[in-house]
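In case you want the letters, here they are:
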Amino acid sequence: MSERWTIGEFSRITHLSIRTLRRYHEQDLLVPAQVDPVTGYRYYTPAQVRPALTIKRLREFDLPLADLRSFLEAESGRTGEAGEAGRSAAQQIVAIHLRRLEDRLGRTQRAVQALRELLDPEAQRAVSLEVLPPQHVLAVSLDVPPGADLGWYDAAMNDLDAAAGHRPVVPPGGRYEHALFTDGQGRATVYLPAEAPLSPSAPATVKPLQLPQRAAAVATHYGPHDDLDLTYAAIGSYVARNALRSSNLVEEIYLVGPRDTDQPDRWRTLVAWLIDSDADGSS
């Protein structure tokens, strides 16, 4: 071997501690170019500097060990994909993890913003009392079971889209029992405004529905739904403070959402906490 370094020399060059290099070897992430069978001394080559620093960075980014091994195997061609194909597969592993990190960072930033708002006694979200007009919609109603993820909403929207066909896109909405939030289960109705009659070929889950005129305490939520609870808290406080009698329903209208843009900061959601009409004199 023309050039080799001891583990101490390699440690000084890479700024990776000897202990870390030993751990990388034990985890089969960075195997020394040579291990003396008598002394057990590890030796490294210049070609291992870049892989060592790459492993260090990826571990700093919390790339799971299994993904890191897959990355190293793809990059080295051990997966059977040589050259450009191997590098592309390796880059895809890292790209997926970076997207996870970006999502996590975004959630952290939004949590910090929400906490700052909660710690600011002057921060208030605007709430008003409004009357929503009657509306004809296509709707999917269902009982959401305990522990369900949001797959039920996606399935309902898919059926509504199929029923709506090529009609102009209008903001969808949903009507939810308060129990859905307090107990994790309850009645939900997902809807899409539509004036035309329901097509006979529409999915069986979709039914026409006439939403009545309804009074509501209303606020517009801006951005992703991570801090939607703050908007709900502002509306609920308004209802209690003004001695309004709450109905058993809350309505959300997705004015701008994932269907419209992949930039969550541009989302706008109208939240309407329905109240009994005879509590405020509305008809």
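That block above? That's the structure.
Predicted model, so just to flag it, every value in this text is computed and none were measured. (Residues numbered from 1 in each chain as written. Predicted model: local features only at pLDDT ≥ 70, side-chain atom pairs only at ≥ 80, totals over all residues. Heavy atoms only, no water.)

A. Region of the structure containing the environment of V49. Locating V49 in the fold gives a position in helix α3 (residues 49-60). By relative accessible area, which is 19% here, V49 ends up buried. A C-alpha to C-alpha distance of 8.0 Å links V49 and F10, two positions 39 residues apart in sequence. Excluding its chain neighbours within four sequence positions, the residues that come into contact with V49 are W5, F10, I13 and T14. (Helix = DSSP H or I, 4+ residues; strand = E, 2+ residues; numbered from the N terminus. Buried < 20%, exposed > 50% of the residue type's maximum accessible area, 1.4 Å probe, protein only. Contact = heavy atoms within 4.5 Å.)

B. Focus on a nonpolar patch on the surface. Together, L115, L118 and L119 make up a nonpolar patch on the protein surface, roughly 340 Å² of accessible area in all. Within the secondary structure layout, L115 lies in helix α5 (residues 83-119). (Patch = residues over 30% accessible without salt bridge, like charges linked within 9 Å, V, L, I, M, F, W, Y side chains within 5 Å. Areas by Shrake-Rupley, 256 points an atom, 1.4 Å probe, with all protein chains shown as cover. Salt bridge = Lys/Arg side-chain N within 4 Å of Asp/Glu carboxyl O.)

C. Just the side chain of T14, in detail. In this structure, T14 sits in helix α1 (residues 7-14). Engagement of the side chain of T14 in a polar contact is seen with the backbone oxygen of F10, the distance being 2.8 Å. Not counting residues within four places of it along the chain, the set of residues in contact with T14 comprises V49, A52 and L53. (Polar contact = N/O pair within 3.5 Å; in protein donor to acceptor, adjacent residues only side chain to side chain.)

D. Just the packing of aromatic side chains, in detail. Scanning the entire structure with this criterion turns up 7 aromatic pairs. Ring geometry for W152 versus Y153: centroids 6.1 Å apart, planes at 85°, classification edge-to-face. Here the aromatic rings of F181 and Y232 are separated by 5.4 Å at their centres, their planes lie at 50°, and the arrangement is tilted. Of this pair, F181 sits in helix α7 (residues 179-182) while Y232 sits in helix α8 (residues 228-241), and the two are 51 residues apart along the sequence. Pairwise contacts between aromatic rings join W152, Y153, Y176, F181, Y232 and Y254 into one cluster. A cation sits over an aromatic face here: R4 above Y43, 3.8 Å from the ring centre. (Phe/Tyr/Trp six-rings, centres within 6.5 Å; stacked < 30°, edge-to-face > 60°. Lys NZ or Arg CZ within 6 Å of the ring centre and 35° of its normal.)

E. The sheet that holds strand β9 (residues 214-222), seen in detail. Read from one edge of the open sheet, 8 strands run β4-β9-β11-β10-β6-β7-β5-β8, paired in antiparallel fashion. Of all strands in the sheet, those bounded by a partner on one side alone are β4 (128-132) and β8 (207-211). Each strand axis lies, on average, 35° off the axis of its neighbour in the sheet, ignoring direction. As paired strands, strand β10 (residues 246-256) and strand β11 (residues 268-275) are joined by 7 bridges and run antiparallel to one another. Note on β11: the bridge partner recorded for I253 is L270. Against the sheet, helix α6 (residues 151-164) contacts β5 (135-144), β6 (173-177), β7 (186-193) and β10, and its axis sits at roughly 30° relative to β7. Contacts from α8 reach β4, β9, β10 and β11, with the element oriented near 30° to β11. (Pairing = 2+ DSSP bridges. Axes fitted to C-alpha atoms, helices over the stretch in contact; angles between N-to-C directions.)

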